[in-house]
Amino acid sequence: MCGWTVVHRPSRRARGASGAALLLSLATGCQGAASPPAPVVPVKARAAAPKAVCLGYNGLDRLNPAAQVRAGRFAAPGSAPVRVARGTHVDWGLDPYGDRSWQLWFHSLEWLGGLIRQFERTGDRAALETAASIARDWLAGNTGPERFDAHRREAVAEAAKFRLATLVCLRRHLPGRWLDEAIADHAGWLARPEHYSGPWNHGTDESMALMTAGCGIGREDLARLGYRRLLDASLAPPGDARPAIDEEGAGNEQSAHYAVYNRARWRLAFRVVRACRRSVPTELARRLRLLDEFIAFQITPGGDLLQIGESYAARASGIDSPGAGPIRYMATRGAEGAPPEERARVYRAGYVMGRSGWGREGRPFTEEMSYTARFGPGRYAHGQNDHMALTFHALGRDVLVPSGHIGYSAPSWRRWLASPEAQNTLVVRGVPFRDSAPTALVAHAFRRGADTFRFSDTAFAGTTRTRSVLAASDPDALVVLDEVRSAVRHPVEQLWHLPPAFTAAPEGTGAVATAGHVRVHFMRLPLPGTPRGETKIVRGALDPPQGWIAPAARKRSPAPVVSFTTRTGTQPARILTLIAPVRGQEPPKLQTRTLPNGTLHVEATFPAHTLTFEASPDGTLHRLP
């Protein structure tokens, strides 16, 4: 069989080159591996083989119903249908939108799922034969890789696992030697170590496609390899890779959207494992259950999945198979299911997440306060450069939000959305940012009404950046103390991104943002020996980009950003901010005084509660009774 070692996420150049290797391998199987692949066993000799699992079509069957495919038209997610075929002869070189994702889904063949589903519903044999004819046309039309440009080679390679899954679904109803050979060739290509993506969603899809294909055509070597890769992705990841799902239930892709996606993929992977007559390890099943809690902490009291990392706007109610636990609880706003046992949690994967409660101790579910903060290892997979970034939900509204994800067909916007400038964090101007730098959680304490935590890193070259946070409830507010130390003078900017529904304007030394009956006061508090800088409001700027939220692929909306500035110098740059949402026109009333040891004592009186806290010179924040 093909040898196996882990190759981490390949570079774009490597993936493009892999496309050529795949096209050649359609005729040669696992050529170049330690030993040639075993011959394809005839269907009739495999009557006792486990039934392969159809892994589905990623929604392309719904986007491409049988009648549309028969008309020669194909639609990718977010794009209008395009004529790609005359009869069953397809122009596989098309790229009408100049979009890598469009090409990937086109070459995945998953859009044939509508035809296969039509046969399953109605027994329409012609639909099945049309799907088979288009699949054979792909096999015939994608030889001779030297003819293709890099984008097409890359799309062919990245789509291999989805194409293999589609061929397996087709074979459940239409066995044939040509199909078995195509499945064996695709599976043999995926089995090669240089074509394994490692422990993240691409690798999960590859592994379960490999496993179910091997079971379907009687190739125990392929099934065994797929099974081992699935288990190792979480339980024994290679090298310094983080587990796909760690022992706390956290995913490794640094994205709320992909945590939900991977939940569905791992549930499907368990089906594949059992259908292939293997066991699901107890520890892996436990981790998948804990993933529900990890996701629940990233859902606001308003029922929205936060756009942490590369994530589109989504609702908890849209999560498939919510179960009877935390996800159902969040999707039904506390009416059904059960919440996480803890009110606040630290995940070693790089998250501090908490809320005032789960709607069970006197506050309605939708009126609870929630927050999240990011730290941990450097950017990976679908993460963004969001270390120390905060989200905040209070008074029934999102207050601080990530800037979102615009998809993969707008690379310049994708780069900006991944940058620190698009996050609720602290930026040092004029020095390189290292996205591989880790951020440490220096301290944390969870107390009713006052969660505190502190981060530190050296992500901006030549500087040390720290952030201390007090997340208060009753009243709901955030206190944030930022500090940058540097031997060289640099501009420093504290950024606060609000949803598009808000408008914002400077107010005194701070700013106020308004949406409906909620006003959010950004109050910059005086620190001993620290000069105040400029306050700026930016919305929908293009050069440089700032003040945008991307809720979906190819969509962006202007949204206000509040910016507080200062400079490093002989003294550290420090900014202390109170973020105070209120209903009505009156801002909190502030009283401040400096204690002999340099600590700032603050009383903020809200309409129904008072928040009294102290900010020490060492960066400690503490709420007083």
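Residues numbered from 1 in each chain as written. Predicted model: local features only at pLDDT ≥ 70, side-chain atom pairs only at ≥ 80, totals over all residues. Heavy atoms only, no water.

(A) Inspection of the side chain of R465 at higher detail. Inspection of the secondary structure assignment puts R465 in strand β15 (residues 463–472). One polar contact links the side chain of R465 to the main-chain carbonyl oxygen of L426, over a distance of 2.7 Å. Looking at R465, its side chain comes within polar contact range of the side chain of D457, at 2.7 Å. Not counting chain neighbours up to four residues away, the residues in contact with R465 comprise H387, M388, T425, L426, F455, S456, D457, A459, F460, E483 and V484. (Helix = DSSP H or I, 4+ residues; strand = E, 2+ residues; numbered from the N terminus. Polar contact = N/O pair within 3.5 Å; in protein donor to acceptor, adjacent residues only side chain to side chain. Contact = heavy atoms within 4.5 Å.)

(B) Just the environment of L624, in detail. Secondary-structure assignment places L624 in strand β31 (residues 621–624). For the pair L624 and V602, spaced 22 residues apart in the sequence, the C-alpha separation amounts to 9.7 Å. With near-sequence residues (within four places) excluded, L624 lies in contact with H601, T612, F613 and E614.

(C) Just the sheet that holds strand β20 (residues 518–525), in detail. The strand order across the open sheet formed by 8 strands is β13-β14-β15-β16-β27-β20-β19-β18, and the pairing between neighbours is antiparallel. Taken across any chain shown, the strands that pair with only one partner, and hence form the sheet edges, are β13 (440–447) and β18 (503–507). This sheet shows a mean twist of 15 degrees between the axes of neighbouring strands, independent of strand direction. Pairing between strand β14 (residues 450–457) and β15: 8 bridges, direction antiparallel. The residue bridging D457 from the neighbouring strand is R465, located in β15. (Pairing = 2+ DSSP bridges. Axes fitted to C-alpha atoms, helices over the stretch in contact; angles between N-to-C directions.)

(D) Looking closely at the pairing of strand β27 (residues 573–583). With 10 of 11 residues buried, β27 lies mostly within the body of the structure. Pairing of β20 with β27 involves 8 bridges; the strand directions are antiparallel. Bridge pairing in β27 links F522 to I579. (Buried < 20%, exposed > 50% of the residue type's maximum accessible area, 1.4 Å probe, protein only.)

(E) Spotlight on the state of the cysteines. Tallied over the entire structure, the rule returns 2 disulfides. Put simply, C54 and C169 are joined by a disulfide, and their sulfur atoms are 2.0 Å apart. One quick way to see it: the torsion about the S-S bond of C54 and C169 is about 95 degrees, and its sign makes the bridge right-handed. Residue C54 is located in the loop between α1 (12–28) and α2 (60–63), and its partner C169 is located in helix α8 (residues 160–171); the two are separated by 115 residues in the primary sequence. An identical accessibility class is assigned to C54 and C169; each is buried. Through a disulfide, C215 is tied to C276; the S-S separation comes to 2.1 Å. On the criterion of sequence distance, the pair formed by C215 in helix α10 (residues 201–217) and C276 in the loop between α12 (256–275) and α13 (282–296) is long-range, its members being 61 residues apart. (Disulfide = S-S within 2.5 Å.)

(F) Summary view of the sheet that holds strand β9 (residues 370–374). Spatially, 5 strands are ordered β7-β8-β9-β10-β11 in an open sheet, and the strand pairing comes out antiparallel. Here the strands that pair on one side only, and so sit at the sheet edges, are β7 (344–347) and β11 (397–400). Looking at each pair of strands side by side, their axes are set apart by 10 degrees on average, direction ignored. Alignment of β7 against strand β8 (residues 351–355), held across 4 bridges, turns out to be antiparallel. The residue of β8 that forms the bridge with A344 is G354.

(G) Representation of the packing of aromatic side chains. Tallying each qualifying case throughout the model produces 22 aromatic pairs. Seen in terms of ring centroids, W92 and W111 are 6.2 Å apart; in terms of plane orientation they differ by 50 degrees. Their pairing is tilted. Residue W92 is found in the loop between β4 (89–90) and α4 (100–108), and its partner W111 is found in the loop between α4 and α5 (113–122); the two are separated by 19 residues along the sequence. Owing to a relative accessible area of 1%, W111 belongs among the buried residues under this scheme. Ring plane angle 90 degrees and centroid distance 5.0 Å describe the contact between F294 and Y351, whose orientation is recorded as edge-to-face. Highlighted residues: F294 in helix α13 and Y351 in strand β8, separated in sequence by 57 residues. The buried category is assigned to Y351, whose relative accessible area is 1%. (Phe/Tyr/Trp six-rings, centres within 6.5 Å; stacked < 30°, edge-to-face > 60°.)

(H) Focus on the nonpolar core. Counting residues in each nonpolar core, the largest one holds 105 residues, and the members touching the most others are V84, W111, L112, L170, W266 and I295. Here this core takes 9 residues from α12, the largest share from any one element. Residue contacts for W111: discarding those within four places in its chain leaves L60, N64, V69, F74, V84, V90, W92, W105, F106 and I134. One finds F375, F455, A515 and V562 within the second-largest nonpolar core, a separate group that totals 33 residues. (Core = buried A, V, L, I, M, F, W, Y, C linked by side-chain atoms within 4.5 Å.)

(I) How the structure looks around unusual backbone geometry. Here D474 and P475 are connected by a cis peptide whose omega angle stands at 5 degrees. Within the fold, P475 resides in the loop between β15 and β16 (477–486). For the bond running from D543 to P544, omega is -5 degrees, close enough to zero to count as cis. For R554, which is not a glycine, the phi torsion comes out positive at approximately 65 degrees. Position of R554 among the secondary structure elements: in the loop between β24 (548–552) and β25 (555–558).

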